[in-house]
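Residue-level listing of the chains:
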Amino acid sequence: MQRGKLDDLRAFVAVAQERSFTKAAAKLAVSQSALSHTMRELEERLGVRLLTRTTRSVSPTEAGERLFHTLAPRFDEIDAELAAITELRKKPAGTIRITATEYAADAILLPKLARLLREYPDIKVEIVIDYGLTDIAAKQFDAGARSAEQVAKDMIAVRIGPDMRMAVVGSPLYFKGRPEPKRPQDLINHNCITLRLPTHGSLYAWEFEKGGRELRVRVEGQLTYNTTAQMLSAAAAGLGLAYVPEGLVQPHLAKGRLKRVLEDWCLPYSGYHLWYPSRRQPSAAFSLLVDTLRYKR
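Residues numbered from 1 in each chain as written. Predicted model: local features only at pLDDT ≥ 70, side-chain atom pairs only at ≥ 80, totals over all residues. Heavy atoms only, no water.

Student: Looking at this structure, how should I read helix H9 (residues 284–293)?
Tutor: Across the ten residues of H9, seven count as buried, placing the element largely inside the fold. Residues of H9 that are buried in the fold lie against strand S3 (94–100), helix H5 (102–119), strand S4 (123–129), strand S5 (143–147), strand S6 (156–159) and strand S14 (272–276). (Buried < 20%, exposed > 50% of the residue type's maximum accessible area, 1.4 Å probe, protein only. Helix = DSSP H or I, 4+ residues; strand = E, 2+ residues; numbered from the N terminus. Contact = heavy atoms within 4.5 Å.)

Student: Looking at this structure, I do not really get the sheet that holds strand S7 (residues 166–170). What am I missing?
Tutor: Adjacent strands of a sheet form backbone hydrogen bonds with each other and so pair up, either parallel or antiparallel. The strand order across the open sheet built from three strands is S12-S7-S13, with neighbouring strands paired in antiparallel fashion. Strands with a single pairing partner mark the edges of an open sheet, and in this sheet they are strand S12 (242–245) and strand S13 (259–261). Between one strand axis and the next, the sheet turns through 50 degrees on average, direction left out of account. In terms of strand pairing, S7 meets S13 through three bridges, oriented antiparallel. Following the sheet pairing, Gly170 is matched in S13 by Lys259. Of the strands in this sheet, S7 and S12 touch helix H7 (residues 228–236), which is tilted by about 130 degrees from S12. Together, S7, S12 and S13 form the strand contacts of helix H8 (residues 246–254), whose direction differs from that of S12 by roughly 110 degrees. (Pairing = 2+ DSSP bridges. Axes fitted to C-alpha atoms, helices over the stretch in contact; angles between N-to-C directions.)

Student: How should the pattern of salt bridges be read in this particular structure?
Tutor: Two side chains with opposite charge may pair up if their charged atoms get near one another. Applying the stated criterion to the full structure yields 16 salt bridges. One salt bridge in this structure joins Asp79 and Arg10, with 2.9 Å as the shortest N-O distance. Here Asp79 is found in helix H4 (residues 62–90), whereas its partner Arg10 is found in helix H1 (residues 3–18), with 69 residues between them in sequence. In this structure, Arg165 and Glu246 form a salt bridge, with 3.4 Å as the shortest nitrogen-oxygen distance. With Arg165 in the loop between S6 and S7 and Glu246 in helix H8, this residue pair connects regions lying 81 residues apart in the sequence. Given the relative accessible area of 18%, Glu246 is considered buried. (Salt bridge = Lys/Arg side-chain N within 4 Å of Asp/Glu carboxyl O.)

Student: What is the right way to look at the nonpolar core in this model?
Tutor: Note that soluble globular proteins tend to have their nonpolar side chains buried in a common cluster. In terms of nonpolar packing, the biggest core is built from 24 residues, with Leu109, Ile160, Leu274 and Leu289 touching the most fellow members. Mapped by element, the contributors of at least two residues to this core are S3, H5, S5, S14 and H9. Residues within four places of Ile160 in sequence aside, it is in contact with Ile108, Leu109, Lys112, Ala145, Tyr272, His273, Leu274, Leu293, Arg294 and Tyr295. One finds Val15, Ala16, Leu42 and Ala72 within the second-largest nonpolar core, a separate group that totals 20 residues. (Core = buried A, V, L, I, M, F, W, Y, C linked by side-chain atoms within 4.5 Å.)

Student: Is there a simple way to explain the pairing of S7 in this structure?
Tutor: Two faces make up the sheet, and in a regular strand the side chains alternate between them. With five of five residues buried, S7 is to be regarded as a mostly interior element. Looking at chain direction, S7 and S12 are connected through four bridges and run antiparallel. Bridging from a neighbouring strand, Val168 pairs with Tyr243 of S12.

Student: How do you make sense of helix H2 (residues 21–28) when you look at a structure like this?
Tutor: Since one α-helical turn is 3.6 residues long, residues separated by three or four positions face the same way. Buried within H2 we find Phe21, Ala24 and Ala25. Projected down its long axis, H2 shows its buried positions confined to an angular sector of 100 degrees, all on one face. For H2, exposure combined with an orientation more than 90 degrees from the buried face picks out Lys23 and Ala26. The backbone nitrogen of Thr22 has a side-chain oxygen 3.2 Å away, supplied by the residue at the start of H2, namely Ser20. The first or second residue beyond H2 is Ala29, which carries a positive phi of 60 degrees. (Arc of directions from axis to C-beta. Polar contact = N/O pair within 3.5 Å; in protein donor to acceptor, adjacent residues only side chain to side chain.)

Okay, structure coming up:
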């Protein structure tokens with residue numbers, strides 16, 4: 001059906017509902033004369049009178065009543081469906097890809113995303129564990145979760161977690177017959193479980209600070225991993241010292257499975273941030289995710 005003919009039928013339904021050209025014209029935002037002309041053309045095209053007009057009122061004829069009861073429910077259904085589609089457009093939906101370290105994903109992202117995903121079933125989040133400084137644009141990620149020191153200068157950074165500390169830990173079995181390190185330099189005499197970073201293929205240097213003095217110690221050991229969870233498991237098994245986020249080791253320290261050393265050299269630093277390129281028009285889903293993850297003191 002041509003658009004004009006459909007508009008004529010909508011105009012007829014309005015007149016039949018209102019029983020008034022004045023009210024129907026106001027509802028349709030047209031003049032009374034234009035509406036009256038439209039009704040006459042519709043009746044001529046159909047070859048049947050649809051409306052009975054008097055100086056005081058207008059009412060549907062028998063044919064008009066039949067057409068009205070056929071059209072009105074269908075137009076209501078169309079309007080309802082269009083409203084639903086509009087609401088769907090406004091409803092947050094889509095897939096968001098995030099690159100993050102293992103600890104950031106478990107300790108920061110997951111607890112906050114759990115509530116978001118339950119409330120918005122049309123939002124999907126893909127989290128890829130990566131310890132490298134990923135080029136999120138080239139790898140088609142929407143955002144990354146890293147400590148503030150790792151965020152590139154040209155990126156938007158939103159704080160998503162509290163300040164953090166690292167911890168050097170070993171098991172009672174490992175320390176049996178070995179002196180505990182008293183300063184970072186002592187680590188060269190210990191079997192340290194190292195972390196290999198994928199960005200440059202090098203081993204991560206353990207970072208320490210005390211009294212304004214900063215040290216980076218390139219430790220060595222028999223075991224090397226590319227994730228912190230395995231480093232912690234190896235330390236708990238007595239295979240060496242691990243340098244991991246403080247929050248990750250708390251349960252093990254509480255139960256005596258691990259012992260912490262060099263605590264006074266591990267100062268707090270800025271916690272995790274969500275970083276992403278500048279977006280002129282972020283999707284509703286992405287904006288909602290950023291607000292959900294934002295750290296609120």
